[in-house]
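Descriptive analysis of the structure
Read off the chains here:
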Amino acid sequence: MKILTAAQIKEADRYTILNEPIESIDLMERAASKCFEWFQKNFDKKHFVHLFCGPGNNGGDGLAVARMLYSAGFEVHASLLQFDKELSADCKTNLDRLQKIDKKLVDVVLDNFVFPTLKPETVIVDALFGTGLTRKIEGEMASVINQINSSSYPVISIDVPSGIHLDESSLTTDNIIIKAKNTLTFQYPKRSLLVGENAPYYGYVEVLDIGLQEEAIPEKEVVNFLTDREMIRSIYAPKREFSHKGNFGHALLITGESGKMGAAVLCAGGFLRSGGGLLSLLVPEDGINIVQQTVPEAMIVNKQGNDPAGFLPDMDSFT
């Protein structure tokens, strides 16, 4: 599975809109519907959903989700934190759609935001910023994020937790970031969601397929990939009926240390389970019995001259 940069994700959106073809507002509707479906599977209608939305397309996603949840019978309310910023065109469209149902479903906040009093069964939705964030969050928006993080309510982030820069670690940006319980990310795992130091912010990640066209970004332009079933199927070769282990290569593992033979055992087992053929291990003498008892398929190579595979003509070169 491709892992795209922020610029490539933007290009995948643009390419899909032009070549499917589909209007950007309809692509947003598709993404919001996937979030809505996830909510229906994971929460019942006793929960109150409060959505914090920004003025960009991530906020538009949140407003669309609010409309869908309300239409399905959930109790919802949205805070659109505009703070004198211009709304994106699709965010404005989804604001209009929600207000046509009931203007009381959304508060448009230009300044002096007061954090609402929330019900005990509240679920917070973070739709403040999307994948295009590159600046430091300051002022009132930073205060909102701090208040969300200080609350005791579960937070569901749409696409990425607000405050994360897609192509950088949180350690380098020193930003204020939403601490989500779940992150519903669109189409591709994001690079920032695969960085260990960001783990406290994204919680459990669900990748939602919104139908972006795969050919938008050729593989040759992608640096990072996530191994998945599709990739494994592309390289897997079924074994022939009369094949034997000699037909599938011969590996030498130089591994292990006195008192630390676990790595040798695990590495050998991994090679055999992945479909490898012949296996030789170069291990310390006091590790030979451990390996032969736990991985009996392996042949042993050691400095004392035991080299059944003829791997090491000059054993004295090993220290």
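Residues numbered from 1 in each chain as written. Predicted model: local features only at pLDDT ≥ 70, side-chain atom pairs only at ≥ 80, totals over all residues. Heavy atoms only, no water.

The next subject is the pattern of salt bridges. For the coordinates displayed, the defined rule picks out eight salt bridges. One salt bridge in this structure joins Glu 29 and Arg 97, with 3.4 Å as the shortest N-O distance. In this pair, Glu 29 sits in helix α2 (residues 24–42) while Arg 97 sits in helix α4 (residues 89–101), placing the two residues 68 residues apart along the sequence. In this structure Arg 97 comes out as partly exposed when scored by relative accessible area, which is 31%. Lys 92 serves as the salt-bridge partner of Asp 96, at 3.0 Å between the closest nitrogen and oxygen. Of this pair, Asp 96 and Lys 92 both sit in helix α4, separated by four residues, roughly a single helical turn. Given a relative accessible area of 30%, Asp 96 falls into the partly exposed group. Using a relative accessible area of 39% as the deciding quantity, one classes Lys 92 as partly exposed. (Salt bridge = Lys/Arg side-chain N within 4 Å of Asp/Glu carboxyl O. Helix = DSSP H or I, 4+ residues; strand = E, 2+ residues; numbered from the N terminus. Buried < 20%, exposed > 50% of the residue type's maximum accessible area, 1.4 Å probe, protein only.)

Its 14 residues give helix α1 (residues 6–19) an end-to-end C-alpha distance of 20 Å, which sits within 8% of 20 Å, the value for a rise of 1.5 Å per residue. Those residues of α1 lying buried are Ala 6, Gln 8, Ile 9, Ala 12 and Thr 16. Buried positions along α1 lie against β1 (2–3). (Expected span 1.5 Å × (residues − 1). Contact = heavy atoms within 4.5 Å.)

Strand order in the open sheet made by the seven strands is β4-β3-β2-β5-β6-β7-β8, with parallel pairing throughout. Each end of this open sheet is capped by a strand with a single partner; those strands are β4 (106–109) and β8 (204–208). Strand-to-strand twist of the sheet, defined as the mean angle between neighbouring strand axes without regard to direction, takes the value 20°. Here strand β5 (residues 122–127) pairs with strand β6 (residues 155–158) via three bridges, running parallel. (Pairing = 2+ DSSP bridges. Axes fitted to C-alpha atoms, helices over the stretch in contact; angles between N-to-C directions.)

A separate point is the packing of aromatic side chains. Two aromatic rings, taken as a pair, are described by how far apart their centres are and by the angle between their planes. Within the structure shown, the criterion is met by six aromatic pairs. With a centroid separation of 5.5 Å and an interplanar angle of 85°, the aromatic rings of Trp 38 and Phe 39 are classed as edge-to-face. Assessed through its relative accessible area of 9%, Trp 38 is described here as buried. With a centroid separation of 5.9 Å and an interplanar angle of 65°, the aromatic rings of Trp 38 and Phe 43 are classed as edge-to-face. With respect to burial, Trp 38 and Phe 43 carry one shared label: buried. Pairwise contacts between aromatic rings join Trp 38, Phe 39 and Phe 43 into one cluster. Across from the ring centre of Phe 248, 4.9 Å away, lies the NZ or CZ of Lys 239, which sits over that ring. (Phe/Tyr/Trp six-rings, centres within 6.5 Å; stacked < 30°, edge-to-face > 60°. Lys NZ or Arg CZ within 6 Å of the ring centre and 35° of its normal.)

This brings us to the sheet that holds strand β11 (residues 278–282). The strand order β10-β11-β12 describes an open sheet built from three strands, whose pairing is parallel. Of all the strands in the sheet, the pair left with one neighbour each is β10 (250–254) and β12 (299–301). On average, each strand axis in the sheet is inclined to that of its neighbour by 25°, with strand direction left out of account. Pairing geometry for β10 and β11, over five bridges, is parallel. Bridge assignment links Ile 254 to a residue of β11, and that residue is Leu 282. In the packing of helix α9 (residues 262–273) onto the sheet, the strands contacted are β10 and β11, and the crossing angle to β11 comes to about 165°.

Next up on the list: the nonpolar core. Nonpolar side chains tend toward joint burial in soluble globular proteins. Ranked by size, the top nonpolar core spans 50 residues in total, and within it Phe 39, Val 49, Leu 51, Leu 63, Leu 69 and Leu 80 carry the most contacts. In terms of residue count, the dominant contributor to this core is α2 (seven residues). When residues no more than four places from it in sequence are discounted, the contact partners of Leu 80 are Cys 53, Gly 54, Pro 55, Leu 63, Leu 87, Cys 91, Leu 95, Val 106, Asp 107, Val 108 and Val 109. (Core = buried A, V, L, I, M, F, W, Y, C linked by side-chain atoms within 4.5 Å.)

In this section: a negative patch on the surface. A cluster of acidic side chains, namely Asp 209, Glu 214, Glu 215, Glu 219 and Glu 230, defines a negative patch on the protein surface. Structurally, the position occupied by Glu 219 is in the loop between β8 and β9 (224–225). (Patch = residues over 30% accessible without salt bridge, like charges linked within 9 Å, V, L, I, M, F, W, Y side chains within 5 Å. Areas by Shrake-Rupley, 256 points an atom, 1.4 Å probe, with all protein chains shown as cover. Lys, Arg positive; Asp, Glu negative; His and termini not counted. Charge placed at Lys NZ, Arg CZ, Asp CG, Glu CD.)

When you line up the elements, His 77 lands in strand β3 (residues 75–81). Only 3.4 Å separates the side chain of His 77 from the backbone oxygen of Leu 105, close enough to count as a polar contact. Non-local contacts of His 77, meaning those with residues more than four positions away in its chain, are made with Phe 48, Val 49, His 50, Leu 51, Lys 104, Leu 105, Val 106 and Asp 107. (Polar contact = N/O pair within 3.5 Å; in protein donor to acceptor, adjacent residues only side chain to side chain.)

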